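Close look at the chain arrangement
Below are the chains, spelled out letter by letter.
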Amino acid sequence: MDVTTEPASGARVRGTIRYWAAAKSEAGLAEEPYEAATLAEALSAAKERHADKPKLVRLLGHSSYLVDGAQVGARDHATVALTEGGTVEVLPPFAGG
């Protein structure tokens with residue numbers, strides 16, 4: 001499945017952010033809902049919600065992301081559209097990987 005690179009309508013959708021490894025530990029939860037049009041918007045809202053957790057906020061700036069199972073890679077997060085009921089996987093850097 002390919003990640004959409006341009007939001008079709010800019011409409012906000014609802015989905016789930018899943019935190020893995022160190023991100024899960026720092027967030028204190030495995031997942032939480034989002035309501036956003038793009039990956040950048042969802043991550044910005046997550047950073048605001050967790051402003052009291054500076055290690056998590058820092059990890060979100062260095063993590064890799066999967067959106068609906070597809071790698072985001074180096075694409076601008078503002079161009080990655082989210083889908084209704086979709087999933088954003090937060091994959092922090094792994095030691096030795």
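Before any of the text, the structure's been laid out above.
Residues numbered from 1 in each chain as written. Predicted model: local features only at pLDDT ≥ 70, side-chain atom pairs only at ≥ 80, totals over all residues. Heavy atoms only, no water.

1. A few points about the side chain of T38
Applied cut-off: Helix numbers and strand numbers start at the N terminus; a helix is a DSSP run of H or I with at least 4 residues, a strand a run of E with at least 2. Polar contacts, as used here, are pairs of N or O atoms within 3.5 Å; protein pairs need one atom able to donate a hydrogen and one able to accept it. Residues neighboring in sequence count only if both atoms are side-chain atoms.
Its place among the elements puts T38 in the loop between β2 (31–36) and α2 (39–49). A polar contact of 3.2 Å, which involves the side chain of T38, links it to the backbone nitrogen of E41.

2. Some points on helix α3 (residues 54–62)
Let me state the cut-off plainly: Burial classes: relative accessible area under 20% of the type maximum marks a residue as buried, over 50% as exposed, and values in between as partly exposed (1.4 Å probe, protein chains only). Here, the arc refers to the directions that run from the helix axis to the C-beta atoms. Contact between two residues is taken to exist if any of their heavy atoms lie within 4.5 Å; hydrogens are not considered.
Taken as a whole, α3 has its buried residues at L56, L59 and L60. The buried residues of α3 occupy an angular sector of 105° when projected down its axis, which confines them to one face. Exposed residues lying more than 90 degrees from the buried face of α3 are P54, K55, G61 and H62. Tucked inside the fold, the buried residues of α3 contact β1 (13–19), α1 (21–27), α2, β3 (64–67) and β5 (87–91).

3. Overview of the nonpolar core
To keep it simple, the criterion reads: The definition of a nonpolar core used throughout is a set of buried Ala, Val, Leu, Ile, Met, Phe, Trp, Tyr and Cys residues joined through side-chain atoms within 4.5 Å.
One finds Y19, Y34, L39, Y65, L82 and V88 to be the most contacted residues of the largest nonpolar core, which totals 20 residues. Secondary structure elements with two or more residues in this core: β1, α1, β2, α2, α3, β3 and β5. Counting residues per element, this core draws most heavily on α2, at 4 residues. Leaving out residues up to four positions away in the same chain, Y65 has contacts with L39, L43, L60, A70, Q71, V72, H77, V88, E89 and V90.

4. Details of the sheet that holds β2
The test is simple: By the convention used here, strands pair only if DSSP detects at least 2 bridges between them. Orientation is described by axes fitted as lines to C-alpha atoms, over the contacting stretch for helices, and by angles from 0 to 180 degrees between their N-to-C directions.
As summarised here, the arrangement of the 5 strands in space is β2-β1-β5-β3-β4, forming an open sheet in which the pairing is mixed. Among the strands making up the open sheet, the edge pair consists of β2 and β4 (70–71). Helix-sheet contacts for α2 involve β1, β2, β3 and β5, and the interaxial angle to β2 is about 125°.

5. As for the pattern of salt bridges
Just so we agree on the cut-off: Just to be clear on terms, a salt bridge is a Lys or Arg side-chain nitrogen sitting within 4 Å of an Asp or Glu carboxyl oxygen.
Under the defined criterion, the tally for this structure stands at 6 salt bridges. A salt bridge links R12 to E41; the nearest nitrogen and oxygen atoms lie 2.2 Å apart. One end of the pair, R12, is in the segment before β1; the other, E41, is in helix α2, and 29 residues separate them in sequence. The partly exposed category is assigned to E41, whose relative accessible area is 27%. The partner of R14 in a salt bridge is E35, and the shortest N-O contact between them spans 3.3 Å. Taken together, the residues span a long stretch of sequence, with R14 in strand β1 and E35 in strand β2 at a distance of 21 residues. Connected via shared salt-bridge partners are R12, R14, E35 and E41.

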